[in-house]
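# Remarks on the overall topology
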Amino acid sequence: VVATCAKADREALGPPLEAFGVPVAWRPSSATTCFRIRYATTGRRLMRLQAVADPWTADDAVEAVGSAEWVHVGALVRTDFEQALPALAGGGRKLLVDAQGLLRLPSLGTLRKDAAVGDGLRHVTVLKLAEEEELDTPEDRVKRHHDLLSRAGDIFKAVEANPRKAVIGGSG
């Protein structure tokens, strides 16, 4: 596991993650990405972005993953790995990307999303998108899925329908 946070948050965040018994490498940041989450009476999740960590550089990301053959990229906001995705795919590595972070704009306040994620997804082997990160209308969902999936890698694409079910497709 490779993670980033502000030095002041390392003591609170480190031990619970390290308790899983897997190796953990930390990269310092000037801030820790922080969300305020609440649920409306309808059950809809409402999020506010309160802080954004420093983006990963291509060099930092490649150094962090070392000789890993598969890399799971769990961005919290678009800028986390926006510039690093092509470098992470180098050396034959396969990328599994949680797309919801790439959809989230890094602006503080009410969480905003769009599908303008650039061409980084062409390096992705597996793409996952949680339904709760969808835009508000079914038409927006279909358009964004089509847009994202058309730019993802050739092997697999996945859209999480709910916490218990995922739809997985492939072109090869």
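Shown above is the structure to which this text applies.
This report concerns the structure included in the present document.

### Section: the sheet that holds strand 7 (residues 109-110)
The three strands lie next to each other as 3-4-7, forming an open sheet whose pairing is antiparallel. Every other strand in the sheet has two partners, leaving strand 3 (34-39) and strand 7 as the edge strands with one partner each. In terms of strand pairing, strand 4 (residues 45-51) meets strand 7 through two bridges, oriented antiparallel. Looking at strand 7, one finds that Arg 48 is bridged to Thr 110.

### So, the pattern of salt bridges
Taken as a whole, this structure holds three salt bridges when the rule is applied. Across the pair Glu 18 and Arg 10 runs a salt bridge, and its minimum N-O distance is 2.9 Å. Judged by relative accessible area, which is 33%, Glu 18 ranks as partly exposed. Overall, the relative accessible area of 27% leaves Arg 10 in the partly exposed class. Across the pair Arg 27 and Asp 60 runs a salt bridge whose closest N-O atoms are separated by 3.3 Å. On the criterion of sequence distance, the pair formed by Arg 27 in strand 2 (residues 25-29) and Asp 60 in helix 2 (residues 58-65) is long-range, its members being 33 residues apart. Among the residues examined, Arg 27 registers a relative accessible area of 13% and is labelled buried. For Asp 60, a relative accessible area of 29% translates into the label partly exposed.

### Structural notes on the packing of aromatic side chains
Ring pairs (aromatic) are described by centroid distance and by the angle formed between their planes. Counting across every chain of the model gives one aromatic pair. Relative to Phe 81, the ring of Trp 56 lies with its centre 5.5 Å away and its plane at 15 degrees, an arrangement referred to as stacked. Of this pair, Trp 56 sits in the loop between strand 4 and helix 2 while Phe 81 sits in the loop between strand 5 (70-73) and helix 3 (85-88), and the two are 25 residues apart along the sequence. Note on accessibility: Trp 56 and Phe 81 belong to one class, buried. Sitting above the plane of the Trp 56 ring, Arg 27 keeps its charged end 4.4 Å from the centroid.

### As for the nonpolar core
Counting 22 residues, the largest nonpolar core has Val 73, Phe 81, Leu 85, Leu 88, Leu 95, Val 97 and Leu 102 as its most contacted members. Of all the elements in the fold, those that place two or more residues in this core are helix 2, strand 5, helix 3, strand 6 (94-98) and helix 4 (99-103). Of the residues forming this core, the biggest block, three residues, is contributed by helix 4. In this structure, Leu 95 is in contact with Val 71, Leu 85, Leu 88, Ala 89, His 123, Val 124, Thr 125 and Val 126, ignoring residues within four places of it in sequence. Of all hydrophobic cores here, the second largest spans five residues; its members include Met 47, Leu 49, Val 77 and Leu 111.

### Quick look at the sheet that holds strand 6
With parallel pairing, three strands are arranged side by side in an open sheet as 5-6-8. Of all strands in the sheet, those bounded by a partner on one side alone are strand 5 and strand 8 (126-128). With strand direction ignored, the average angle separating the axes of adjacent strands in the sheet is 10 degrees. Where strand 5 meets strand 6, four bridges bridge the pair, whose relative direction is parallel. For Val 73, the partnering residue across the bridge sits in strand 6 and is Val 97.

### Quick look at the pairing of strand 4
Looking at chain direction, strand 3 and strand 4 are connected through six bridges and run antiparallel. Residue Ile 37 lies in a different strand from strand 4, and its bridge partner there is Met 47. Joining the antiparallel neighbours strand 3 and strand 4 is a turn of five residues, in which Gly 43 adopts a positive phi near 95 degrees.

### Quick look at the environment of Ser 107
Assignment of secondary structure puts Ser 107 in the loop between helix 4 and strand 7. In this structure, the C-alpha to C-alpha distance between Ser 107 and Val 77, residues 30 residues apart in sequence, is 9.2 Å. With sequence-adjacent residues up to four places away left out, Ser 107 is seen in contact with Leu 49 and Arg 112. Of the polar contacts made by the side chain of Ser 107, one reaches the side chain of Arg 112; its length is 3.1 Å.

Rules and cut-offs
Residues numbered from 1 in each chain as written. Predicted model: local features only at pLDDT ≥ 70, side-chain atom pairs only at ≥ 80, totals over all residues. Heavy atoms only, no water. Pairing = 2+ DSSP bridges. Helix = DSSP H or I, 4+ residues; strand = E, 2+ residues; numbered from the N terminus. Salt bridge = Lys/Arg side-chain N within 4 Å of Asp/Glu carboxyl O. Buried < 20%, exposed > 50% of the residue type's maximum accessible area, 1.4 Å probe, protein only. Phe/Tyr/Trp six-rings, centres within 6.5 Å; stacked < 30°, edge-to-face > 60°. Lys NZ or Arg CZ within 6 Å of the ring centre and 35° of its normal. Core = buried A, V, L, I, M, F, W, Y, C linked by side-chain atoms within 4.5 Å. Contact = heavy atoms within 4.5 Å. Axes fitted to C-alpha atoms, helices over the stretch in contact; angles between N-to-C directions. Polar contact = N/O pair within 3.5 Å; in protein donor to acceptor, adjacent residues only side chain to side chain.

Keep in mind that these numbers describe shape and distance, not what the molecule does.
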